[in-house]
Amino acid sequence: MEELYCIGCGSLIQTKEKEGIGYTPQSALEKGLETGQVYCQRCFRLRHYNEISDVNISDDDFRTLLHSVGESDALVVNVIDIFDFNGSIIPGLPRFVSGNDVLLVGNKKDILPKSVKEGKVTQWLTERAHEVGLRPVDVMLTSAQNKYAIKELIDKIEQYRKGRDVYVVGVTNVGKSTLINAMIQEITGDKDVITTSRFPGTTLDKIEIPLDDGSYIYDTPGIIHRHQMAHYLSAKYLKFASPRKEIKPKTYQLNPEQTLFLAGLGRFDFIAGEKQGFTAFFDNELPLHRTKLAGASDFYTKHVGSLLLPPTGSELADFPELVRHEFTITEKTDIVFSGLGWIRINGVAKVAAWAPKGVGVVTRKAII
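No experiment lies behind these values; they were computed from the predicted model shown. Note that residues are indexed from 1 along each chain, following the sequence as it is written. Under the rules for a predicted model, residues below a pLDDT of 70 receive no local features and side-chain atom pairs below 80 are neither given nor counted, while totals for whole chains, interfaces and linings still include all residues. By convention in this description, side-chain values take in all heavy atoms of the structure and omit both hydrogens and water.

A. Quick peek at the pairing of strand β3 (residues 138-141). Here β3 shows two buried faces, one formed by Asp 138 and Met 140 and the other by Val 139 and Leu 141. Strands qualify as paired when DSSP identifies two bridges or more between them. Helical segments are the DSSP runs of H or I of at least four residues, strand segments are the runs of E of at least two, and each set is numbered from the N terminus. Looking at chain direction, strand β2 (residues 102-107) and β3 are connected through four bridges and run parallel. Bridging from a neighbouring strand, Leu 104 pairs with Val 139 of β3. One crossover worth recording links β2 to the parallel β3 by way of helix α6 (residues 118-131), and it is right-handed. Buried means the residue's accessible area, taken with a 1.4 Å probe over protein chains only, is under 20% of the maximum for its type, while exposed means over 50%, and partly exposed covers the values in between. The definition of a right-handed crossover adopted here requires that, viewed with the strands pointing away, the path from the first strand over the helix to the second runs clockwise.

B. Representation of the pattern of salt bridges. Any carboxyl oxygen of Asp or Glu that lies within 4 Å of a side-chain nitrogen of Lys or Arg is treated as forming a salt bridge with it. All told, the structure shown has 15 salt bridges when counted by the stated rule. The salt bridge involving Asp 73 is made with Arg 164; its shortest N-O contact spans 3.3 Å. Note that Asp 73 is positioned in the loop between α3 (59-70) and β1 (74-81) and Arg 164 in the loop between α7 (150-161) and β4 (165-169), a separation of 91 residues in sequence. Here Asp 73 falls in the exposed class, since its relative accessible area comes to 54%. We classify Arg 164 as buried; its relative accessible area is 14%. Glu 246 is the partner of Lys 114 in a salt bridge, and the nearest nitrogen-oxygen pair spans 2.7 Å. With a gap of 132 residues between them, Lys 114 in the loop between β2 and α6 and Glu 246 in the loop between β6 (216-219) and β7 (250-254) connect regions that are remote in the sequence. According to the relative accessible area criterion, Lys 114 is exposed, its value standing at 71%. Taken together, the shared-partner salt bridges in this structure form one network comprising Asp 73, Asp 101 and Arg 164.

C. Quick look at α7. Under the convention used throughout, the expected extent of a helix is 1.5 Å for every residue step, that is, one less than its residue count. Taking 1.5 Å per residue, 12 residues should reach 16 Å; α7 reaches 16 Å between its end C-alpha atoms and fits that length. On its buried side, α7 packs onto β1, β2, β3, β4 and α8 (176-188). Taken from the residues just after α7, Lys 162 is the one with a positive phi, measuring 50°. Note on contacts: a residue pair qualifies if any of its non-hydrogen atoms lie within 4.5 Å across the two residues.

D. Geometry of the nonpolar core. The criterion is simple. A nonpolar core is a set of buried Ala, Val, Leu, Ile, Met, Phe, Trp, Tyr and Cys residues joined through side-chain atoms within 4.5 Å. Val 77, Phe 85, Ile 90, Val 121, Leu 125, Leu 153 and Ile 157 are the most contacted members of the largest nonpolar core, which has 63 residues in total. Residue contributions to this core peak at six residues, all from β1. Domain start and end points were adopted from an automatic or database domain assignment. Lining this core are residues from two domains, each supplying at least three of them: domain 2 (59-219) and domain 3 (232-365). Excluding residues that lie within four positions of it along the chain, Ile 157 makes contacts with Leu 75, Val 77, Leu 103, Val 166 and Met 183. Among the nonpolar cores identified, the runner-up in size contains 44 residues, and Ala 230, Phe 261, Leu 286 and Leu 308 belong to it.

Here it is, written out as structure tokens:
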């Protein structure tokens, strides 16, 4: 069969990989051949439903794309997940942007409890960005889902782009495409204005959104980050790594030598210190299980996949071992399990946090 290309973005049409570039269902392909208009599924959704969806590309293709960003004089909007800074970081981004201005956007603000001070979160994100070599011109919080601060984001982009093009970059699962859709809706005021003819792409599936002054906002594909908690979960349990509702904190009174299991995805050990309350900030449905520290490892081995789930079923075979991180705490501190949530420690304590190998565990001054 001869090769077919999407008339919207130029991608090679294929019917096997749903998450791949150029995918279209076989039935849609046959219909397209009849009409002479063959679109990939992504362009079809963009054309008919004003939906921009993530398409995953290889690391090499993404590096090529980032090089093109570095060679441009542009504003780079880096979208990250507030709950998963470690898993949201694009490896080598400071090197690739080559001195271009970066606006750091922390998405999923709506999931944070209302008692969280926004200034503390932006300060923490700024500090974490500096640690990995990013020097953003500004940091702001948004919610693509709830359309929170979308107008403010558009104003910030206009302020910092100074007539230049804009590249929106981010790893998968940070809500980048939802954010762009919200921006488009805010700008146009109409979901049905957008068509693929106005948004030509390339074989890398980069979508161009024209601005009034002849510049463009470029929506780039999401790169897969190997250390995101979400990659270890099936669709059924993905909600635990991507909460949809505001988190309701739960406080546990723990004695020394007690352990709190975060389903089978993580573990928190209170090793030494005065009895105190530890407040857990995780998806409201994530099962938490308290037990004794002595024998906790054997308890995990015995019950992971049954009492402690997720992971379960097919997830278990590929689920990484839990790795231990020990901390001595002297002030109000959050222990952050990257991509899952955090536990607030109120007093002096010696603790250990366990997370899947490769998934980050970091501390920060308590944001509540």
